[in-house]
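Close look at the chain arrangement
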Amino acid sequence: LHPEDREQEDIYREMQRTAQEAYRRVDRIVGAKEEDDEQLFYVLWENLPYSECTWELQQDISDYQREIDKFYVREDRLKQAKAVAWPSNKKRPFSEMKKQPAWIGPLGLDLRDYQLKGVNWMLYSWSRFTNTILADEMGLGKTIQCVVFLGALY
């Protein structure tokens, strides 16, 4: 083999070895359950897609206590958010936005008429507990509509 080919093969082998080592490291914990009096965690492995997550015993991933702790922090935040969420049996207020909010003007942004209409549609849908999807051509301002929508909620 030519020295350059040999070097290329060595680089490839090193990349493969590094990738395989990464697959053994916990990236994050995405779920937990108790089964047969044992704590199990649903583990996302480093450099692998979510489809490759596996259930692991707590003692098998005890070296990754930091990721376990981060999982519980996320779970607590989610529980707190749900506790203050809008009750589903209470009607949400809806008031049509007649003109763009003042806070986007200093940013050099202007909503077009169709974008303002889209924001109002999202606000109305939110008030009716209806999920929505903005789907149109690229470049028509879905991002700014979402930002204004969230700004109107908070």
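Read on for an overview of the structure. (Residues numbered from 1 in each chain as written. Predicted model: local features only at pLDDT ≥ 70, side-chain atom pairs only at ≥ 80, totals over all residues. Heavy atoms only, no water.)

Comments concerning the overall build of the chain
Per the secondary structure count, the chain includes four helices and three strands. Secondary structure elements of the chain occur, N-terminal to C-terminal, as α-β-β-β-α-α-α. Against the compact-globule benchmark of 15 Å for 154 residues, the chain has a radius of gyration of 24 Å, which places it well outside the compact range. Seen through its principal axes, the chain has C-alpha atoms that stretch 70 × 55 × 25 Å. Taken over 154 residues, the chain has a buried fraction of 22%. Sequence-distant contacts, at least 24 apart, represent 44% of the contacts inside the chain between residues at least 6 apart. (Helix = DSSP H or I, 4+ residues; strand = E, 2+ residues; numbered from the N terminus. Rg over C-alpha atoms; globule rule 2.2 N^0.38 Å. Buried < 20%, exposed > 50% of the residue type's maximum accessible area, 1.4 Å probe, protein only. Contact = heavy atoms within 4.5 Å.)

So, the side chain of Ser127
Mapped onto the elements of the fold, Ser127 is located in helix H3 (residues 113-127). A residue is classified by how much of its surface remains accessible, and Ser127, at 1% relative accessible area, is buried. At 2.6 Å, the side chain of Ser127 forms a polar contact with the backbone oxygen of Tyr124. Those residues in contact with Ser127 that sit more than four places away from it in its chain are Arg92, Pro93 and Phe94. (Polar contact = N/O pair within 3.5 Å; in protein donor to acceptor, adjacent residues only side chain to side chain.)

Quick notes on the packing of H3 against helix H4 (residues 142-153)
It is the contact of H3 with H4, at a shortest axis distance of 9 Å, that shows an interaxial angle of 45°. Between H3 and H4, the crossing angle belongs to the class labelled oblique. In the crossing of H3 with H4, the sense of the turn from one axis to the other is right-handed. Across the interface between the two elements, Tyr114, Gln115, Gly118, Val119, Met122, Leu123 and Trp126 from H3 touch Ile144, Gln145, Cys146, Val148, Phe149, Ala152 and Leu153 from H4. For the contact of H3 with H4, a count of residues per class yields eleven nonpolar, three polar and no charged. (Axes fitted to C-alpha atoms, helices over the stretch in contact; angles between N-to-C directions. Parallel < 35°, antiparallel > 145°, perpendicular 65-115°, else oblique. Left-handed = near helix turned anticlockwise from the far one by under 90°. Nonpolar A, V, L, I, M, F, W, Y, C, P; charged D, E, K, R; others polar.)

Here we look at a nonpolar patch on the surface
A contiguous nonpolar patch, built from Trp103, Leu107, Leu109 and Val147 and spanning about 360 Å² of accessible area, is present on the exposed surface. Assessed through its relative accessible area of 39%, Val147 is described here as partly exposed. (Patch = residues over 30% accessible without salt bridge, like charges linked within 9 Å, V, L, I, M, F, W, Y side chains within 5 Å. Areas by Shrake-Rupley, 256 points an atom, 1.4 Å probe, with all protein chains shown as cover. Salt bridge = Lys/Arg side-chain N within 4 Å of Asp/Glu carboxyl O.)

Comments concerning the nonpolar core
Counting residues in each nonpolar core, the largest one holds ten residues, listed as Met97, Ile104, Leu111, Leu116, Val119, Met122, Leu123, Ile144, Val148 and Phe149. Elements with a minimum of two residues in this core: H3 and H4. Here this core gets four residues from one element, more than from any other, and that element is H3. Once you skip the residues sitting within four places of it in the chain, Leu123 turns out to touch Phe94, Met97, Phe149, Ala152 and Leu153. Ranked by size, the runner-up nonpolar core spans eight residues in total, among them Ile29, Phe41, Val43 and Phe71. (Core = buried A, V, L, I, M, F, W, Y, C linked by side-chain atoms within 4.5 Å.)

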